[in-house]
Structures are given as C-alpha cells and as structure tokens.
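# Secondary and tertiary structure notes
Residues per chain, in single letters:
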Amino acid sequence: MTHTASQPAPPHVEMKARLAAAVQANRDEILELSHRIHENPEPAFEEHQAAAWVAEAIARHGFTVEHPAGRLATAVRGMLRGGRGGGGPRIGILAEYDALPGLGHGCGHNTMAASGVGAAIALASIADELPGEIVFLGTPAEERGSGKAFMIEDGLFAGLDAALLFHPCDRNHVESQPLASEDAVVVFHGLQAHAASDPWKGKNALDAMILLFSSVGLWRQQLHPDTRVHGIIQEGGTAANIIPDRTKAWFMLRSPDQADYARIKERFRQLVEGAALATGTTAEVTFSGLAMTMKQNRTLEARWVANAEAYGIVDQGADPNSGSTDMGNVSWVCPTIHPDLSIADEGTPGHSIAFRDAAASPKGDETTLLAATLVAQVAYELFADPALVEAAWAEFRAT
Ligand SMILES: [Zn+2]
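An account of the accompanying structure is given in this report.

Rules used in this analysis
- Residues numbered from 1 in each chain as written.
- Predicted model: local features only at pLDDT ≥ 70, side-chain atom pairs only at ≥ 80, totals over all residues.
- Heavy atoms only, no water.
- Helix = DSSP H or I, 4+ residues; strand = E, 2+ residues; numbered from the N terminus.
- Rg over C-alpha atoms; globule rule 2.2 N^0.38 Å.
- Buried < 20%, exposed > 50% of the residue type's maximum accessible area, 1.4 Å probe, protein only.
- Contact = heavy atoms within 4.5 Å.
- Areas by Shrake-Rupley, 256 points an atom, 1.4 Å probe, with all protein chains shown as cover.
- Lys, Arg positive; Asp, Glu negative; His and termini not counted.
- Charge placed at Lys NZ, Arg CZ, Asp CG, Glu CD.
- Axes fitted to C-alpha atoms, helices over the stretch in contact; angles between N-to-C directions.
- Parallel < 35°, antiparallel > 145°, perpendicular 65-115°, else oblique.
- Left-handed = near helix turned anticlockwise from the far one by under 90°.
- Nonpolar A, V, L, I, M, F, W, Y, C, P; charged D, E, K, R; others polar.
- Pairing = 2+ DSSP bridges.

What follows concerns the overall build of the chain. Looking only at helices and strands, the chain has 12 helices and 12 strands in total. The C-alpha radius of gyration of the chain comes to 24 Å, within 12% of the 21 Å expected for a compact globule of 399 residues. Projected onto its principal axes, the C-alpha positions of the chain cover 95 × 45 × 40 Å. The burial tally for the chain puts 53% of its 399 residues in the buried class. Here the contacts in the chain between residues at least 6 apart in sequence split such that 79% fall between residues at least 24 apart. Accessible surface, the chain as shown: approximately 16,600 Å² in total, 54% of it carbon and sulfur. Considering the chain, the positive charge centre built from 30 side chains and the negative charge centre built from 49 side chains are found 5 Å apart.

Written out as structure tokens, the structure is:
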C-alpha cells in the first residue's frame, strides 16, 4: 500500500485495500467465530455446530448456502455470483473446522474456518464489481477420513478455476509437500481351538498378524527414507487358552511420491496375503481415506507470496516435515494453494497443547485476519485477470 495522494491508486491496489478494510470492519464477527469453534471442538465428520455456524455466517453476507452439501452432513457450499455478469472464473474459498479427539483444536482449524469465512465476507463486499462466482466450501474431516475426497466425488469442486486455503503453522511458507497417505485395516480370519488340548486343530490369526508386523519391519530396509508404514493391533485374540480366530490391525501407509505410493500399497497387500498363506488363515484388507500428494501451482504461489510481502511476510521455504492433507486431492482437480502462516513461536509442534492455545491467542487472531485478507486478495487477482487464471491452468496441465 505505497501509493500517494498525488498518484491515483491503480485499480488492483485500491480493490485490495477495500478487501483488507472489509476484513477489519468484520473482525469481531470473524474472531468470535474462531473462538466459538475453538471452545467447542468437534472431531472429523461430527462438526455439526461448526458447520452450522459457518453456514449461517456466509448466508448473512449474501451467499446462497447448501448445508449439508453432498453426502457429508457437515459439508457446506455457499455460492455468490459476481454482479458484472458474463463469464468469469469460479474461485473456491475453502474452510476446515474439525478438531483432534482428546486435544481439541491442536491443529488450529478454527482459524481456517474463520479466515475462510472472513475472505468470503470480504469478497462479498465487492461482489457487485466482480465477474464470475465466489464458491465457499466448508470441508469436514481433514484430520481423519479425507472429507474433501468425498466432496470431489460429489461434484462440489466441479468447474472451479482455483482453490485457496490457508493453514496455521509455526512458520510462514507457501509451499508444502504433504505425503500421500491412506488407512489400511487388516483382518485375519483363522479357526478357534483349545490352545493346550488340541492346538493342531486351530488356524492362528494372531500368528498371521505377528508375521505381517515382522514383514513390514523387514520391508523398511528397502523403503525410501520418506516412506512411512505404521500400525497398531486393535484385536489380538480373546484369551491365552484359545487359538485366536480373528485379529485386526490399523495401518497407515505414506509416501512423498504419488506413483510410488501405488507400488507401496500393492506390496503391502502382498505382505498381508503372504502372512495369510503362511498361517493357513484368510485376510481382508480395506483401504480408505486416501490423501494425495500436493500438485504445486507456482503461478498461484507467486501471487500469495507477493501479496504477503506487502504485509512484511517473508517466505521461509517449504516445510520438510510434512504430514498429509486432503487438500492434496484438491490440487489434482484444479490449481490449488495451501499456504501456511505463523500463529506460534517457531519450533512449536503441531497437534500439541501449545499449538492449540496459540490458535486462540492474540497472534493467532491477527494471523486469522491476515489470512482472510490474503486469500481474498489472491482471489480478487484471479477475478480481475483472466490471463492469471489461464496461466495457472496452463501450469496445472503441464505438470
Ligand atoms: Zn491441520
């Protein structure tokens, strides 16, 4: 914001200043929403209050709201057409709001709900002057279950030209490199027998499970260092004097490379079958909740960095310690950014009490408002500049 009175502001600068002012004018509503969600944490797929509050907020600001949207009871879609008519892009403003069981908002998704709503409110304030359509998407179940994957299947991302979503962090960086990730539930079926009087009549489902864990342990030597395979035994039998006829484990498989992930998944399936073969048991393996790697869009990332620099934010580079997110799935549907802004001192771990407290701190609040402003400003650039939309798509198609 460096223009002076003697030089009329270029239209972009003036419109971006109006978006920033709209966020500030609505700061009480935005931050009240953030704190209300923070104080009422709800886990994945159960975010009934948060989804309702988010839906009410955008409806108040002129959006036509579907809630539920698609098959998920806690998904929300709000749409607001620009007043300039004609064509124009459809820009997705995303919000998450699920919490972690036992920890609350230890990932700070309350700030994502509030900043997404804040960006939507700011864009609504200039909607009469925009072409295209603002599409707000409240996306449940990021922490478990990959809610966005269901919303993609339900067509809720169809026709979007971009998807924008901020995440809180202990650093500022636009690029993240999440791992592909999926849950795998393994069940072995054997045959019960008395473990002392006639064990030879049994088929031991626990032996199969122990073999599987041993196989996975040996397999690690051949895995790329960034690949992760980790699991727990949920059912290991019922009594020491019964040959177990059923065991169950929950694994997660992760890889930094989407194509490599497919090979890892197939190899894991073979290890399960091998353990069943060796023990005369049968196996079922059920995969669910696939979160994909992130397809980077440097065109959109550059716009985020440029807008953030105007607020003194220096990009600290991609975080090498990534988890997984269903925003990755979105990134294979349309040009996507998932930038992080700091709400806590550097080194504060995610999914911790300290990070949870930061998500409702004064610094967390200021970052929430800044994120709302920056998301709205990047969205505005896309509405205002068809060449930028085309450049983002050209990169998407080429990578
Ligand atoms: Zn998160």
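Further notes follow.
With that settled, consider the packing of helix α6 (residues 205-219) against helix α7 (residues 258-279). A pair of packed helices is characterised by two quantities: the angle between their axes and the separation of those axes. The contact between α6 and α7 brings their axes to 8 Å, and the two run at 140 degrees. On the basis of their axis angle, the class for α6 and α7 is oblique. As for the relative orientation of α6 and α7, their crossing is right-handed in sense. Here α6 contributes Asp207, Ala208, Leu211, Leu212, Ser215, Val216 and Trp219 to the contact with α7, which in turn contributes Ile264, Arg267, Phe268, Leu271, Val272, Ala275, Ala278 and Thr279. Across the contact of α6 with α7, the residue classes tally to 11 nonpolar, 2 polar and 2 charged.

With respect to burial, strand β4 (residues 133-139) is a largely interior element, 7 of its 7 residues being buried. Residues Glu133, Val135, Leu137 and Thr139 point to one face of β4 and Ile134, Phe136 and Gly138 to the other, with burial holding for every one of them. Pairing of strand β3 (residues 90-96) with β4 involves 7 bridges; the strand directions are parallel. By the bridge assignment for β4, Ile91 is matched with Ile134.

The contact between helix α1 (residues 11-25) and helix α4 (residues 109-125) brings their axes to 8 Å, and the two run at 125 degrees. Regarding the angle of α1 to α4, the classification is oblique. Two packed elements cross with a definite hand, and for α1 against α4 that hand is right-handed. Judged by residue contacts, Arg18, Leu19, Ala22 and Val23 of α1 engage Gly118, Ala122, Leu123 and Ser125 from α4. Among the residues forming the contact of α1 with α4, the class breakdown is 5 nonpolar, 2 polar and 1 charged.

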